[in-house]
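The lines below spell out each chain.
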Amino acid sequence: MKVYELKRAPNARRVRMFLAEKGIEMSYQQVDLGAGENLGPDFLAKNPAGRIPVLELDDGTHISETIAICRYFEELYPTPNLFGSTPLERATIEMWSRFIEFNLWLPTGMAFRHITGFYKDRETVFPEWGEECKKNAQLWFDKLDGRLAEVPYVAGERFTIADILAVCTIDFGKVVGLRIAPAQLHLQAWHERVSARPSAQA
């Protein structure tokens, strides 16, 4: 069993951090995104979307998409629980995870692609759109700061997958100048607390 990834990529980090929280050791194979290795026929046979990470099971089965991979391991290793242990907690974690995916991760990713032009050899780049996405992502720093004024972690009283998604996105956003503002004290305190976890170094 192994994971195809690019270590510096945020989606890869999300899986590594999740597995570290579970105490699961994993073999990793690096994929050169800059060179387009993920667009070659061998990789596309593993994931037709051409994205990392991809989990390869011992029987040759491939699972792609970050959350799908994490859910697979949550089912195999339910402790520590990171997706919720009651119907209400599972729904709350899912809600905040989707908030982060659609309102923070997606615009941050688009800001990266369109401001830096990292994939300009294979897609049309619109720097103005990248700047707009950056502004939209920044709005959710305020929303998370307000949320974390009420609870210690994104989805409630304990660390979950929602915190992994948020911290990996916020850290990646630094590439395009997204930063926690000095006035966002609750978000900053949460970031320091989550970043101090051993899994954050995975």
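Look a little higher up for the structure.
Notes on the structure follow.

Rules used throughout
- Residues numbered from 1 in each chain as written.
- Predicted model: local features only at pLDDT ≥ 70, side-chain atom pairs only at ≥ 80, totals over all residues.
- Heavy atoms only, no water.
- Pairing = 2+ DSSP bridges.
- Helix = DSSP H or I, 4+ residues; strand = E, 2+ residues; numbered from the N terminus.
- Right-handed = clockwise from strand over helix to strand, strands pointing away.
- Phe/Tyr/Trp six-rings, centres within 6.5 Å; stacked < 30°, edge-to-face > 60°.
- Buried < 20%, exposed > 50% of the residue type's maximum accessible area, 1.4 Å probe, protein only.
- Lys NZ or Arg CZ within 6 Å of the ring centre and 35° of its normal.
- Axes fitted to C-alpha atoms, helices over the stretch in contact; angles between N-to-C directions.
- Parallel < 35°, antiparallel > 145°, perpendicular 65-115°, else oblique.
- Contact = heavy atoms within 4.5 Å.
- Nonpolar A, V, L, I, M, F, W, Y, C, P; charged D, E, K, R; others polar.
- Disulfide = S-S within 2.5 Å.
- 1 Å grid on protein atoms, 1.4 Å probe; cavity = no way out; pocket = protein on both sides within 12 Å on 5 of 7 lines; lining within 4 Å.
- Points joined across faces, edges and corners; volume = space filled by probe spheres on them.

**As for the pairing of strand β2 (residues 27-30)**
Pairing geometry for strand β1 (residues 2-5) and β2, over 4 bridges, is parallel. Each bridged residue has a counterpart across the sheet, and for Val 3 the counterpart in β2 is Tyr 28. A crossover links β1 with its parallel partner β2, the connecting element being helix α1 (residues 10-22), and its sense is right-handed.

**Here's the deal with the packing of aromatic side chains**
Here the structure, examined in full by the defined rule, presents 10 aromatic pairs. On the numbers, 5.3 Å between centres and 80° between planes, the contact of Tyr 72 with Phe 73 is edge-to-face. Since its relative accessible area comes to 26%, Tyr 72 is described here as partly exposed. Relative to Phe 99, the ring of Trp 96 has its centre 5.1 Å away and its plane inclined at 90°; by these criteria the two rings are edge-to-face. Within this pair, Trp 96 and its partner Phe 99 are both found in helix α4 (residues 87-116), separated by 3 residues, close to a single helical turn. Residue class for Phe 99 comes out partly exposed when judged on its relative accessible area of 29%. One aromatic cluster in this structure is built from Trp 105, Phe 112, Phe 118, Tyr 119 and Phe 172. Lying across the ring of Phe 159, Arg 197 places its NZ or CZ 3.8 Å from the centre.

**Concerning the packing of α1 against helix α3 (residues 66-76)**
Where α1 meets α3, the axes come as close as 9 Å, and the angle between the chain directions of the two elements is 10°. The angle between α1 and α3 places the two elements in the roughly parallel class. Residues Asn 11, Arg 14, Val 15, Phe 18, Leu 19 and Lys 22 of α1 form the contact with α3, whose participating residues are Thr 66, Ile 69, Cys 70, Phe 73 and Glu 74. Here the residues of the contact of α1 with α3 sort into 6 nonpolar, 2 polar and 3 charged.

**Some points on the state of the cysteines**
Applying the stated rule across the entire model yields 0 disulfides. With no disulfide partner, Cys 70 has as its closest neighbouring cysteine sulfur the one in Cys 168, 9.4 Å distant. Among the residues examined, Cys 70 registers a relative accessible area of 1% and is labelled buried. Among the cysteines around Cys 133, which has no disulfide bond, Cys 168 carries the closest sulfur, lying 20 Å off.

**Things to note about the layout of surface pockets**
Of the volumes computed, that of the largest pocket is approximately 1100 Å³. Around the largest pocket, the lining is made up of 40 residues, and of these Asn 11, Arg 51, Ile 52, Trp 105 and Arg 113 lie nearest the centre. The set of elements that each furnish at least two residues to the lining of the largest pocket consists of α1, α3, α4 and α6 (161-173). At 11 residues, α4 tops the list of elements feeding residues into the lining of the largest pocket. Of the residues belonging to the lining of the largest pocket, the class tally is 21 nonpolar, 8 polar and 11 charged. Computed from the structure, the second largest pocket encloses a volume of approximately 150 Å³.

**Here's the deal with the sheet that holds strand β3 (residues 54-56)**
Sheet architecture is open: 4 strands sit in the order β2-β1-β3-β4, paired in mixed fashion. Only two strands of the sheet have a single partner each, and these edge strands are β2 and β4 (62-64). Taken over all neighbouring pairs, the strand axes of this sheet differ in orientation by 25° on average, direction set aside. Relative to β3, β1 runs antiparallel, the two sharing 3 bridges. Bridge assignment links Val 3 to a residue of β3, and that residue is Leu 55.

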